[in-house]
Amino acid sequence: MRYLIMTGAAVLMTACRPALENKDMEQKIDELYQRMSQEERIAQLRSCYMDGLFDEQGRLDTVKCKELIPNGIGHFSQYASQKPMDPNVLRDHVAAVQEWLMKHTPSGIPALFHEEVLSGINTRGATIYPQQIGQACSFNPELAEVKTRQTSTTMRRMGGVLSLSPMVDVCRTPSFNRLEESYGEDGYLSAVMGVAFVRGLQQGDLRKGVGACSKHYLGYGGGGDADEKELMEDILLPHEAMIRLADSKCIMPGYHAMRIENGELRIENSDLSQGEKNSGKGLVNCVANGWILNDILRGYLGFDGMVVSDYTAIDQLPLNGEWREESGKKTVAPEVVKAAMAINGGCDVDFPFGANFKYLQAAIDNGLVAQETLERAVKNVLRYKFRAGLMDEKPYLYGKEKIVLDTPEERQTAYEIATQSIVLLQNDSNLLPLTPTTPPQGEASTERGSGLKILLTGPNANTMWAMCGDYSFPAMTYFWKMNEQDLDHPHVITLLEGMRDRLPEGDTLMYSRGCDWTEEIETKFSKGGDERAWEYALLHRKVDAGEPADSTEALAMADSADVIIAAVGENVMLCGENRDRQGLRLPGKQEEYVERLLATGKPVVLVVFGGRAQVISGLAERCAAVIQAWYPGEEGGHAVADILFGNVSPSAKLAVSYPSEEIYEPICYSYQAKQDSLIQWPFGYGLSYTTFGYKHLALDDEAKTTDECIELSFEVKNTGKVSATEIAQIYVSPAENSPVAAHLSPLKLQGFARVPLEPRQSKRVRVKLYLEQFGFYSSEGGERRWNIVPGEYVVKIGASSEDIRMEQHLTLTGEAVSKPLRDHYFSDISVER
C-alpha cells in the first residue's frame, strides 16, 4: 500500500518478544492471547468511560455492560474525574466493573483504570500539590518522590492502576501554553525530577504502585527545531532515564509531527492536528511515527512497555489524496486508515474511546495491518496487566479500607513543596521579609517590629485560580465541564487567607481586588491538542472572580499603606492545554494597574502567579521586590505568606530562563556561553534572605576516559544571619579553544544539591561525576553511540547558570570510549549532616 510507507511504519511487522524478567509470564501471555477471540484482542486496545455503565442511581447496569463491553475492555479513561463522588463510592464502582469483567466476559481480563496525577489525583477532594514547573524550581527530587508515593497509595486504593503522568517535555519555548506541566528547559533537571516522580508513583512494584506514563514523546513544547544530536542528548533524556532507571513501562506520544530531512530532524511543535500543515511536507504525527516509536524507543532504548495515544490523537492523523486499495480500487474509510497508520507506526492503544482502533479488523481485512502487528500491540497491553498484578490469582484491584483524601500528611507535603517552589527574583534594599523598617543593605532582618500597614491587591489576591494549575480537579472541572460552582474541594488557601492566618501581631492587612485579570475575553480559539476542546463555547469565556474590582477603592487604601502586595498573572483560562492568549506580558490591564500602584510612591511587591514566565521587564525594575509563585497548590496562600513575612527563607531557583522580551522560539541557557540578552533572570537563579559563600573546591585535574567517575567536593557557607537552604549547581563545559567544544554544549547542568545551613554554618558537598556526563551522542554511519573523548573540560560550581563561583579544568586522557547507551545518567551527591 503506497500510503503506508512512512518513517519506519513497517519496522515492527512481527510480534517481538523482548528480554523480559519472567519467562513464565511470557508463556502465560502467549497462551492467553491464543485463547482470545479477535474481538477480545481488539477490545484490549480500546478504552471507554466508566460512568456510562452506571444508571442514575449509581448501580452498575449489566445490560449496558453487555451492550458496550461484551468482549471486555482494555482501559477506562480518566475514571476518577468524570463525576464528583466520594472516593469510597468511586472505589466501589471500580470494584463492580472489575468483578463484572472477570465473571462475565469470555477471558475475564480486568481493565486498567487510568487518571491524571500531575499535581495529585485528578478527583474531587484529593490533595492539590504545586504545579510541576514550580516543583522543578525546588530542585528537590526527594520531596517529589514523597508526593507521588502519597498519590499512588491513595489512587491504588481507589482502583487506579495507571496514570497519564508525568509530562517530561523539555520545554524551551517560553510562550508554550503547557509549560506549567513540565520541569522546564533543562534535560538533566527534567530527568532527575521525572525519575523521582516514577519511583514514588510505582513504589518499585507495579503490583502495589500506580504505573507512570511519560509524555509527550518526543520534542513537544520547544524541544523542537532541534537537530538530532540535541534531540537525543537532551530532549530524549527524561524519557530514557525514566525507562532505564525507574522501569517506566508506558509512554504517550505527543500531538505534534516530526520528520527527517537531509539528515536533520524537523519538528512541527504546534498543537494543531497538522492536517493542513503536514500535507506534502513529509511530516509524520508522533502517534504514528515509526522512527521515534519503533526505531528509537523500542529499538535503541529497548523499551518493552505499552505505547498509548494522547486523547483523540489518532483521529487527528492527516490523510492526503484518495485512500484506495491498489488492487480492487475499493474505498477504505478514513478511520480504518488512521487505525492502520497508528498501530503500524508503533502505537498500541487508542484513547479515550478507541474511536479508530475499533476498525482494526477492517484494516486487517483490507491488508493494511498484519496480524503480527495486532499481536504485538495486544501482548504489550496484556504484559502491562501481568506486571501490574491484574492477572494474579489474588490481584490487588482496589483497597478495602476507608479512603480518606487530603490527609494532614499530604497537605503538609503540599505546603513544603510550595515553600520550596516560590522563586524570589528581586528584593531591592532587602524590603522582604516584611518588617516595619528596611534592614541595612546586605543584611536580612531577624526580628520584626509591629504596626506595619499592608495592602493586598490584584486579580490573584483572593482566588483559588492563583493556586490551581491545569490538570488539577478544579481546573479540569471548570474547563471541560464548564462547571464554576462548588470547586473548593479540598479547600484551597488563597493569598488573602494565608496572609490573614500568618499576619504578625500588631500589623494591619487591608484588601481590595483593584483590577480584574482581563476586561475582555483574551483566550485564543484554535484547533490544538485534544480535539474535544475545539468548541467555541469552551474557549470563549472568562473567569468570574465573584467579587468586584474597584481600583478607586484600592488606590485610596494604598495612600495609607506602608507596603503594597500586588498579586497578578494568569488563570485557568489564560494558560493551559488548548488555552492561550495574545502576548506574554501581564494579561488585560494588570500592568497599567501596577503602574498606578507604583505612582503612589509606596513600595510594591509584585507576586506573579501562572504557568509560565510572564514578561515584566520595565515594570519589575521599579518594584521593590518580585516573587514568581507559579501555581503553588492548595497550601500556596500559606507558603507565599510565610515567605513574605520571613517565616521561611525562599530557596527556589528558576527551572527556565526568564525572558525580558516576548519570545516564541526555543531558548536555553545551554545554547551559548554567556547569558542571552533577551533573558532577564537566568536558569538556576533565585534569591534568599541570606547570602552564601563557596570555597575549597577539591578536584583532580586529570582522569582517564576509561575511569568510571571523578570525585570532587566543595564547601558552601551561610554568610548571613538567617537559616536558609542554598541550591548549589554543578555544570560541565568544554575548555575554551578545546577540540571537544565541537561536540559539547557551552554549559550543561550535571548535578545539584540542596544545602540547608544555619547562620555562619558551612557544609561540604561531595560529588561523584560519571565520565558519561562528559560525553555526547553521535550517529555516524547510522550507528547510534555515546562517546567520551580525551580533551580539556571545565567543571563549574555555581549559584546559577550565570553566577559561577568556582571552576577547575579537567584533562581526560586516553583513547576515545564509545558505547551504545550510557550506564550512568546522574551524578551522586551527598551533603554533610
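K.L.:
Hey, could you run me through the overall build of the protein in this one?
P.N.:
The helix and strand inventory of the protein stands at 20 helices and 30 strands. The globule rule puts the C-alpha radius of gyration for 833 residues at 28 Å, and the 27 Å found for the protein is close to it. Dimensions of the protein along its principal axes, counting C-alpha atoms only, are 85 × 70 × 50 Å. Relative to its 833 residues, the protein shows a buried fraction of 65%. Counting only contacts in the protein whose residues sit at least 6 apart along the sequence, the fraction spanning at least 24 positions is 80%. For the protein, the accessible surface area stands at approximately 29000 Å², while carbon and sulfur atoms represent 46% of it. Each charge class in the protein was averaged separately, 85 positive and 117 negative side chains, and the resulting centres sit 4 Å apart.

K.L.:
So what exactly am I meant to see when it comes to the pairing of strand β6 (residues 250-253) here?
P.N.:
Residues in a regular strand project their side chains so that they alternate between the two faces of the sheet. Here β6 shows a buried face lined by Cys250 and Met252 and a second buried face lined by Ile251 and Pro253. Pairing between strand β5 (residues 214-217) and β6: three bridges, direction parallel. Its bridge partner lying in β6, Ser214 is registered against Ile251. Here β6 pairs with strand β10 (residues 306-307) via two bridges, running parallel. Within β10, the residue paired with Ile251 across the bridge is Val307.

K.L.:
Explain the pattern of salt bridges to me, please; I cannot follow it from the model alone.
P.N.:
Pairing between side chains becomes possible if they bear opposite charge and their charged atoms approach one another. Counted under the stated rule, the structure contains 44 salt bridges. Of the charged contacts in the structure, one is a salt bridge between Arg298 and Asp348, with a shortest N-O distance of 2.9 Å. One end of the pair, Arg298, is in helix α10 (residues 290-300); the other, Asp348, is in the loop between α11 (334-345) and α12 (360-365), and 50 residues separate them in sequence. Overall, the relative accessible area of 11% leaves Arg298 in the buried class. The class of Asp348 is buried, set by a relative accessible area of 0%.

K.L.:
Please clarify how the packing of helix α16 (residues 495-502) against helix α20 (residues 636-644) should be interpreted in this entry.
P.N.:
The contact between α16 and α20 brings their axes to 7 Å, and the two run at 50°. Between α16 and α20, the angle falls in the class oblique. Considering only the axes of α16 and α20, their crossing is right-handed. Where α16 approaches α20, its residues Leu495, Gly498, Met499, Asp501 and Arg502 are matched on the opposing element by Gly637, His638, Val640, Ala641, Asp642 and Leu644. Taken together, the residues of the contact of α16 with α20 sort by class into five nonpolar, three polar and three charged.

K.L.:
What am I meant to see in the packing of aromatic side chains here?
P.N.:
Given two aromatic rings, one states the distance between the centres and the angle between the planes to describe the pair. Considering all chains together, one arrives at 16 aromatic pairs under this definition. Plain terms: the ring middles of Phe176 and Tyr220 are 5.2 Å apart, the flat faces sit at 80° to each other, and that makes the pair edge-to-face. Remark: Tyr220 occurs in the loop between β5 and α8 (228-235) and Phe176 occurs in the loop between β4 (162-163) and α7 (187-202); sequence separation between them is 44 residues. Per residue, the accessibility class of Phe176 equals that of Tyr220, and both read buried. Ring centres 5.2 Å apart and planes at 75° place the aromatic pair Tyr658 and Trp681 in the edge-to-face group. Here Tyr658, found in strand β17 (residues 658-659), pairs with Trp681, found in strand β18 (residues 679-681); they are 23 residues apart in sequence, far enough to count as distant.

K.L.:
What is the right way to read empty space enclosed by the protein from this model?
P.N.:
Under the criterion given, the structure shown has eight cavities of 30 Å³ or more. In this structure, the largest cavity occupies an estimated 260 Å³ of space. Contributing to the lining of the largest cavity are 25 residues, with Asp234, Lys748, Gln750, Gln773 and Gly775 lying nearest its centre. Those elements giving two or more residues to the lining of the largest cavity turn out to be α7, α8, β22 (724-734) and β23 (748-757). Residues that form the lining of the largest cavity fall into these classes: nine nonpolar, nine polar and seven charged.

K.L.:
Even after reading the chapter, I still don't get the confidence of the model for the protein, so can you show me in this structure?
P.N.:
Fine structural detail should not be taken from predicted coordinates in areas where pLDDT scores are low. Of all residues in the protein, 91% attain a pLDDT of 70 or more, and the chain-wide mean is 92. Across residues 1-20 the pLDDT falls below 50, and counting only partners more than four positions away or on other chains, this stretch makes 52 contacts in the model. For the stretch residues 438-446, pLDDT sits under 50, and the model shows 17 contacts to residues farther than four places along the chain or on other chains.

K.L.:
Which parts of the structure should I look at to understand the nonpolar core?
P.N.:
The nonpolar side chains of a soluble globular protein tend to be buried, and buried together. In this structure, Phe76 and Leu606 are the most contacted members of the largest nonpolar core, which totals 173 residues. For this core, the leading source of residues is α7, giving 10 residues. Among all residues touching Leu606, those that are not within four sequence positions of it are Ala566, Val568, Val594, Ile616, Leu619, Cys623, Ala625, Val626 and Ile627.

K.L.:
How should I be thinking about α7 in this particular structure?
P.N.:
Quick reminder: α-helices carry 3.6 residues per turn. Residues three or four places apart thus point the same way. Taking 1.5 Å of rise per residue, 16 residues should cover 22 Å, and α7 covers 22 Å from first to last C-alpha, within 8% of that figure. Where burial is concerned, most of α7 is hidden: 15 out of the 16 residues are buried. Regarding α7, its N-cap is Asp186, as a side-chain oxygen of that residue lies 3.1 Å from the backbone nitrogen of Tyr188 further along.

K.L.:
Looking at this structure, how should I read unusual backbone geometry?
P.N.:
Backbone geometry follows two general trends: most residues other than glycine have a negative phi, and most peptide bonds adopt the trans configuration. Residue Leu218 is bonded to the preceding Tyr217 through a cis peptide linkage, with omega at 15°. Residue position: Leu218 is located in the loop between β5 and α8. Cis geometry marks the peptide bond from Leu432 to Pro433; its omega dihedral reads 0°. By secondary structure assignment, the location of Pro433 is in the loop between β11 (423-427) and β12 (453-457). One non-glycine residue, Thr312, lies in the positive phi region at around 65°. In this structure, Thr312 sits in the loop between β10 and α11. Notably, Asn430 is not glycine yet its phi reads approximately 50°, a positive angle. Mapped onto the elements, Asn430 comes out in the loop between β11 and β12.

K.L.:
Looking at this structure, I do not really get the sheet that holds strand β20 (residues 702-704). What am I missing?
P.N.:
Pairing between sheet strands relies on hydrogen bonds along the backbone, with the strands arranged either parallel or antiparallel. With mixed pairing, the five strands of this open sheet are ordered in space as β20-β28-β27-β22-β23. Single-partner strands in this sheet number two, and they are β20 and β23. Strand after strand, the sheet turns through a mean of 25° between neighbouring axes, direction not considered. Inspection of the sheet shows β20 paired to strand β28 (residues 804-813) by three bridges, in the parallel sense. Bridging from a neighbouring strand, Glu702 pairs with Thr811 of β28.

About the cut-offs
- Residues numbered from 1 in each chain as written.
- Predicted model: local features only at pLDDT ≥ 70, side-chain atom pairs only at ≥ 80, totals over all residues.
- Heavy atoms only, no water.
- Helix = DSSP H or I, 4+ residues; strand = E, 2+ residues; numbered from the N terminus.
- Rg over C-alpha atoms; globule rule 2.2 N^0.38 Å.
- Buried < 20%, exposed > 50% of the residue type's maximum accessible area, 1.4 Å probe, protein only.
- Contact = heavy atoms within 4.5 Å.
- Areas by Shrake-Rupley, 256 points an atom, 1.4 Å probe, with all protein chains shown as cover.
- Lys, Arg positive; Asp, Glu negative; His and termini not counted.
- Charge placed at Lys NZ, Arg CZ, Asp CG, Glu CD.
- Pairing = 2+ DSSP bridges.
- Salt bridge = Lys/Arg side-chain N within 4 Å of Asp/Glu carboxyl O.
- Axes fitted to C-alpha atoms, helices over the stretch in contact; angles between N-to-C directions.
- Parallel < 35°, antiparallel > 145°, perpendicular 65-115°, else oblique.
- Left-handed = near helix turned anticlockwise from the far one by under 90°.
- Nonpolar A, V, L, I, M, F, W, Y, C, P; charged D, E, K, R; others polar.
- Phe/Tyr/Trp six-rings, centres within 6.5 Å; stacked < 30°, edge-to-face > 60°.
- 1 Å grid on protein atoms, 1.4 Å probe; cavity = no way out; pocket = protein on both sides within 12 Å on 5 of 7 lines; lining within 4 Å.
- Points joined across faces, edges and corners; volume = space filled by probe spheres on them.
- pLDDT = per-residue confidence, 0-100.
- Core = buried A, V, L, I, M, F, W, Y, C linked by side-chain atoms within 4.5 Å.
- Expected span 1.5 Å × (residues − 1).
- Polar contact = N/O pair within 3.5 Å; in protein donor to acceptor, adjacent residues only side chain to side chain.

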